[in-house]
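# Architecture at a glance
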Protein chains: 2
Amino acid sequence: MSATAKPLGRRAGESGTREAILRAARERFAAHGYDAATIRAIAADADVDPALVHHFYGTKERLFVEALRFPAVPSELLSRVTSARRSGLGEAIVRTVLDVWSSEATRAQALALIRSAITNERAARMLREFVTGTILSVLATAAADEDAELRASLVASQIIGLAIARYAVAVEPLASASDDEVVARVAPTLQRYLTGSLPPR
Amino acid sequence: MSATAKPLGRRAGESGTREAILRAARERFAAHGYDAATIRAIAADADVDPALVHHFYGTKERLFVEALRFPAVPSELLSRVTSARRSGLGEAIVRTVLDVWSSEATRAQALALIRSAITNERAARMLREFVTGTILSVLATAAADEDAELRASLVASQIIGLAIARYAVAVEPLASASDDEVVARVAPTLQRYLTGSLPPR
């Protein structure tokens, strides 16, 4: 770490600084999208020198990828969900997603990814990969059929919409409904998308 | 219209110019969100002098409201949907929404509103009012119960998520599925949200 790139203020060492930068990046990307968020502004939010951000993460693109990576979420989601019985998959997914989003940081991360994905092709690709990778691997344990990818993308559409309506736009009374209430309403939707019989074509 | 505020280039009179400004505004708000979109940039996109935008619409805030107003949509949606039988409400809503979004302009408008609503409180309020106003008035003709507002917000969550997954992020194969396919999969979701029996509490 060069002398000019020292974090300003007190911070619990390098990992604390890295985490502060990632948190600031998530918030900036969430609020402004990829294109409008600058390294300079992210560094200011994290109370560090911009050079330190470059030192740790290189380019804005790499910072974006790191900030919006879902590190613990997929494996946690996968293990919780893959242990559910087939008829309980919808419920396991909604409950896991709501639990994950009960953390402000994870919620900001999800919203940053969704918002950036609306207009930025790299973010869109990350979101698509997350959707197809994670949800498809859940499906592989359940009812994988020739229709698995459409099923997965329909599940994603409801989860994305739930994130936006409940947390970002705060449509009431969905925004203040209890997790149990949301699970009771939304789980059957995911269950049908995942394992419901195909409509006649 | 002042001499300095004349539209540049050929345009079919004032209404054509106004429409070009609204179209440019929708695209800017969709791509950058409310805060980052400027009158200057919108004017440049519409090929007019910024003074003309101010002349027609006053402030950016008023331009935003005008650009993201859903003029024909709600009444069209309402009449199509309210004439559906109760058990066909889910299908009528999805089909109407997809038909409306088959126009590039309306789709840009919807995405601009959703994207801006994620971070801008005024846009969020517009979206909430649209959701509660329009969907609740549909519900009033169907199964209005004490639960009507939660039902409406759940319908909104799936429609918002469908807009983003299918059009903005282009999650495949949902993005290229036919309208009929999407109706067949999503209509039962909306139908259950609207008229399904309440889960036990």
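Here, every reference points to the structure presented above.
In this report, the structure presented in the accompanying data block is examined.

About the thresholds
Residues numbered from 1 in each chain as written. Chains lettered and ligands numbered in written order. Predicted model: local features only at pLDDT ≥ 70, side-chain atom pairs only at ≥ 80, totals over all residues. Heavy atoms only, no water. Least-squares fit on C-alpha atoms with pLDDT ≥ 70 in both. Contact = heavy atoms within 4.5 Å. Helix = DSSP H or I, 4+ residues; strand = E, 2+ residues; numbered from the N terminus. Buried < 20%, exposed > 50% of the residue type's maximum accessible area, 1.4 Å probe, protein only. Polar contact = N/O pair within 3.5 Å; in protein donor to acceptor, adjacent residues only side chain to side chain. Buried area = accessible area lost by both parts, 1.4 Å probe. Salt bridge = Lys/Arg side-chain N within 4 Å of Asp/Glu carboxyl O. Core = buried A, V, L, I, M, F, W, Y, C linked by side-chain atoms within 4.5 Å. 1 Å grid on protein atoms, 1.4 Å probe; cavity = no way out; pocket = protein on both sides within 12 Å on 5 of 7 lines; lining within 4 Å. Points joined across faces, edges and corners; volume = space filled by probe spheres on them. Phe/Tyr/Trp six-rings, centres within 6.5 Å; stacked < 30°, edge-to-face > 60°. Lys NZ or Arg CZ within 6 Å of the ring centre and 35° of its normal. Expected span 1.5 Å × (residues − 1). Axes fitted to C-alpha atoms, helices over the stretch in contact; angles between N-to-C directions. Parallel < 35°, antiparallel > 145°, perpendicular 65-115°, else oblique.

### Remarks on the relation of the copies chain A and chain B
Of the two same-sequence chains, chain A is brought onto chain B (RMSD 0.0 Å, axial shift 0.0 Å) by a rotation of 180 degrees. The operation mapping one copy onto its partner corresponds to a two-fold rotation axis. Scanning chain A for the C-alpha nearest the rotation axis identifies A:Gly161, at a separation of 1.8 Å. When the interface residues of chain A are mapped onto chain B, 100% of them are again interface residues, pointing to one common binding face.

### A short note on the side chain of B:Thr189
Take B:Thr189: it is sitting in helix α10 (residues 179-195). A relative accessible area of 1% places B:Thr189 in the buried class. What B:Thr189 contacts, discounting residues up to four positions off in sequence, is A:Gln158, A:Thr189, A:Arg192, A:Tyr193 and B:Gln158.

### Looking at unusual backbone geometry
Residue and element names in this part refer to chain A. The step from Glu172 to Pro173 runs through a cis peptide bond, and the omega angle for that step is 5 degrees. The backbone phi angle of Asp47 is positive, close to 65 degrees, even though this residue is not glycine. Mapped onto the secondary structure, Asp47 falls in the loop between α2 (39-46) and α3 (50-57).

### Quick word on the environment of A:Tyr57
All names here are of chain A. By secondary structure assignment, the location of Tyr57 is in helix α3. The exposure class assigned to Tyr57 is buried, which follows from its relative accessible area of 3%. Separated by 97 residues in the primary sequence, Tyr57 and Leu154 have C-alpha atoms spaced 34 Å apart. Each residue touching Tyr57, except ones within four places of it in the same chain, is listed here: Arg18, Ile21, Leu22, Arg62, Leu63 and Glu66. At 3.5 Å, the side chain of Tyr57 and the backbone oxygen of Arg18 are in polar contact.

### Things to note about the interface of chain A and chain B
With 45 residues of chain A at the contact, the number on the chain B side is 46 residues. In total, about 3,900 Å² of surface goes out of reach between chain A and chain B, with carbon and sulfur atoms giving 64% of it. For the pair chain A and chain B, the interface holds two salt bridges. One salt bridge connects B:Asp147 with A:Arg185, and the closest N-O pair in it is separated by 2.5 Å. The interface formed by chain A and chain B contains 14 residue pairs in polar contact (both at pLDDT 80 or more).

### Some words on the nonpolar core
Core analysis: the largest hydrophobic core is formed by 137 residues, its most contacted members being A:Ile21, A:Leu63, A:Ile164, B:Ile21, B:Leu63 and B:Ile164. Each residue touching B:Leu63, except ones within four places of it in the same chain, is listed here: B:Ile21, B:Leu22, B:Ala25, B:Ile39, B:Ile42, B:Val53 and B:Tyr57.

### Focus on the layout of surface pockets
The calculated volume of the largest pocket comes to roughly 270 Å³. Taken together, 14 residues make up the lining of the largest pocket; nearest its centre are A:Glu27, A:Glu104, A:Arg107, A:Ala108 and A:Leu111. Of all the secondary-structure elements, those providing two or more residues to the lining of the largest pocket are α1 (13-36) and α7 (104-119) of chain A together with α7 (104-119) of chain B. For the lining of the largest pocket, the leading source of residues is α7(A), giving six residues. In this model, the second largest pocket occupies a volume close to 190 Å³. The wall of the second largest pocket is formed by ten residues, among which B:Val65, B:Leu68, B:Arg69, B:Met126 and B:Glu129 lie closest to the centre. Sorting the residues of the lining of the second largest pocket by element identifies α4 (60-68) and α8 (121-141) of chain B as the ones contributing at least two each.

### As for the packing of aromatic side chains
Residues and elements named next belong to chain A. Overall, the coordinates contain six aromatic pairs over all chains when judged by the stated rule. Judged by centre distance (6.2 Å) and plane angle (75 degrees), the ring pair of Phe56 and Tyr57 falls under edge-to-face. The same class applies to Phe56 as to Tyr57, namely buried. One residue, Arg18, lies across the ring of Tyr57, its end atom 5.5 Å from the ring centre.

### Focus: the pattern of salt bridges
Scanning the entire structure with this criterion turns up 16 salt bridges over all chains. Among the ionic pairs, B:Asp180 bridges to B:Arg95, the shortest N-O distance being 3.0 Å. Here B:Asp180, found in helix α10, pairs with B:Arg95, found in helix α6 (residues 89-101); they are 85 residues apart in sequence, far enough to count as distant. Since its relative accessible area comes to 30%, B:Arg95 is described here as partly exposed. Connected via shared salt-bridge partners are A:Asp147, A:Arg151, B:Glu181 and B:Arg185.

### A look at helix α6 (residues 89-101) of chain A
Residue and element names in this part refer to chain A. Under the 1.5 Å per step criterion, the end-to-end length of α6 is 18 Å for 13 residues, consistent within 8% with the ideal 18 Å. For α6, a buried count of ten out of 13 residues is recorded, marking the element as mostly surrounded by other parts of the structure. Considered for burial, the residues of α6 that qualify are Leu89, Gly90, Ala92, Ile93, Val94, Thr96, Val97, Leu98, Val100 and Trp101.

### Focus on the packing of α3(A) against helix α4 (residues 60-68) of chain A
All names here are of chain A. Following both chains from N to C, one finds α3 and α4 inclined at 75 degrees, their axes separated by 9 Å at the closest point. Here α3 is positioned roughly perpendicular relative to α4, judged by the angle of their axes. Between α3 and α4, the contacting residues are Val53, Phe56 and Tyr57 on the first element and Arg62, Leu63 and Glu66 on the second.

Read these as spatial facts, not as claims about activity.
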